[in-house]
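The residues making up each chain are set out below.
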Amino acid sequence: AQKITQTQPGMFVQEKEAVTLDCTYDTSDQSYGLFWYKQPSSGEMIFLIYQGSYDEQNATEGRYSLNFQKARKSANLVISASQLGDSAMYFCAMREGRNTGNQFYFGTGTSLTVIP
Amino acid sequence: GAVVSQHPSWVICKSGTSVKIECRSLDFQATTMFWYRQFPKQSLMLMATSNEGSKATYEQGVEKDKFLINHASLTLSTLTVTSAHPEDSSFYICSARYPAASSYEQYFGPGTRLTVT
């Protein structure tokens with residue numbers, strides 16, 4: 001079974017609007033971390049936001065927020081007030097367990113295009 | 001913040017030759033580094049986990065004799081693609097484990113684009 005599932009291969013959003021990128025995960029571990037990364041066409045992976053499995057509050061970082069629904073095993077990324085520079089691939093990732101040396105599992109990504 | 005560099009950023013080589021890619025943690029010591037491979041418009045696939053001073057752990061399906069990984073110091077891991085073939089053309093990304101227990105546990109390098117002709 002896939003550890004991380006991103007069901008939206010491509011998304012379009014109007015500039016200044018909000019957009020939600022979906023991510024569901026599969027793990028039997030009680031302790032895990034969820035991450036979102038942005039990958040522009042240049043290729044570098046840019047860290048956006050992190051949510052720990054024990055965090056009760058949804059994580060927020062500027063225009064990014066993570067809608068964490070533990071019972072549903074979903075960790076959707078919400079980008080508010082979209083900007084043209086937000087056009088990129090977005091990857092959801094999970095690290096299982098407490099060991100920070102554990103590997104990351106990545107989803108297949110969502111290509112976001114912001115329309116002027 | 002922590003910085004991870006990769007060198008070269010892109011390389012073109014002829015089929016049959018070997019190519020070495022370096023991954024360096026510039027401002028922290030990384031006991032563990034990870035090597036990923038990414039085909040166009042696809043996700044990152046973990047190739048191997050590299051631990052300083054020990055042999056790398058390869059994921060299933062990754063040929064260890066073809067993708068040689070050496071983690072000789074706490075700031076440097078290298079990936080050598082031996083006898084490269086066109087199907088090895090890909091984007092290779094490394095990440096380094098940050099030693100402190102923080103949410104930004106791994107930092108990614110900018111990637112190396114390999115084209116084998």
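Scroll up a little and you will see the structure.
Residues numbered from 1 in each chain as written. Chains lettered and ligands numbered in written order. Predicted model: local features only at pLDDT ≥ 70, side-chain atom pairs only at ≥ 80, totals over all residues. Heavy atoms only, no water.

*Asks:* Sorry if this is basic, but what is going on with the interface of chain B and chain A here?
*Replies:* Quoted interface sizes are often the accessible area lost when the parts come together. Between chain B and chain A, the contact holds 19 residues from the first and 22 residues from the second. Note on chain B versus chain A: buried area summed over both sides is about 1,700 Å², and carbon and sulfur give 55% of it. Taken together, the links from chain B to chain A amount to zero salt bridges. The interface formed by chain B and chain A holds two residue pairs in polar contact (both at pLDDT 80 or more) in total. (Contact = heavy atoms within 4.5 Å. Buried area = accessible area lost by both parts, 1.4 Å probe. Salt bridge = Lys/Arg side-chain N within 4 Å of Asp/Glu carboxyl O. Polar contact = N/O pair within 3.5 Å; in protein donor to acceptor, adjacent residues only side chain to side chain.)

*Asks:* Explain the sheet that holds strand E3 (residues 19-25) of chain B to me, please; I cannot follow it from the model alone.
*Replies:* Pairing between sheet strands relies on hydrogen bonds along the backbone, with the strands arranged either parallel or antiparallel. All names here are of chain B. Taking strand neighbours across the sheet as the criterion, the four strands line up as E1-E3-E8-E7 in an open arrangement whose pairing is antiparallel. The strands lining the two open edges of the sheet, one partner per strand, are strand E1 (4-7) and strand E7 (67-73). Strand-to-strand, the axes of this sheet are offset by a mean angle of 15°, without reference to chain direction. As paired strands, E7 and strand E8 (residues 76-81) are joined by five bridges and run antiparallel to one another. Counted as the bridge partner of Phe67 is Val81 from E8. (Pairing = 2+ DSSP bridges. Helix = DSSP H or I, 4+ residues; strand = E, 2+ residues; numbered from the N terminus. Axes fitted to C-alpha atoms, helices over the stretch in contact; angles between N-to-C directions.)

*Asks:* Mind showing me how you'd approach the pattern of salt bridges here?
*Replies:* Where charged atoms of side chains with opposite charge meet at close range, the side chains can pair. All names here are of chain B. Tallying each qualifying case throughout the model produces four salt bridges over all chains. A salt bridge links Arg24 to Glu22, with the nearest nitrogen and oxygen atoms 3.5 Å apart. A salt bridge links Asp88 to Lys66, with the shortest nitrogen-to-oxygen separation between them at 2.9 Å. Remark: Lys66 occurs in the loop between strand E6 (57-58) and E7 and Asp88 occurs in the loop between E8 and strand E9 (90-97); sequence separation between them is 22 residues. On the basis of relative accessible area, Lys66 is assigned to the buried category, the value being 12%. (Buried < 20%, exposed > 50% of the residue type's maximum accessible area, 1.4 Å probe, protein only.)

*Asks:* Any chance you could explain the environment of Gln83(A) here in plain terms?
*Replies:* By the element assignment, Gln83(A) lies in the loop between strand E9 (74-79) and strand E10 (88-96). For Gln83(A), the contacting residues outside a window of four places in its chain are Arg63(A) and Val114(A).

Everything listed is a geometric property; what it means functionally is a separate question.
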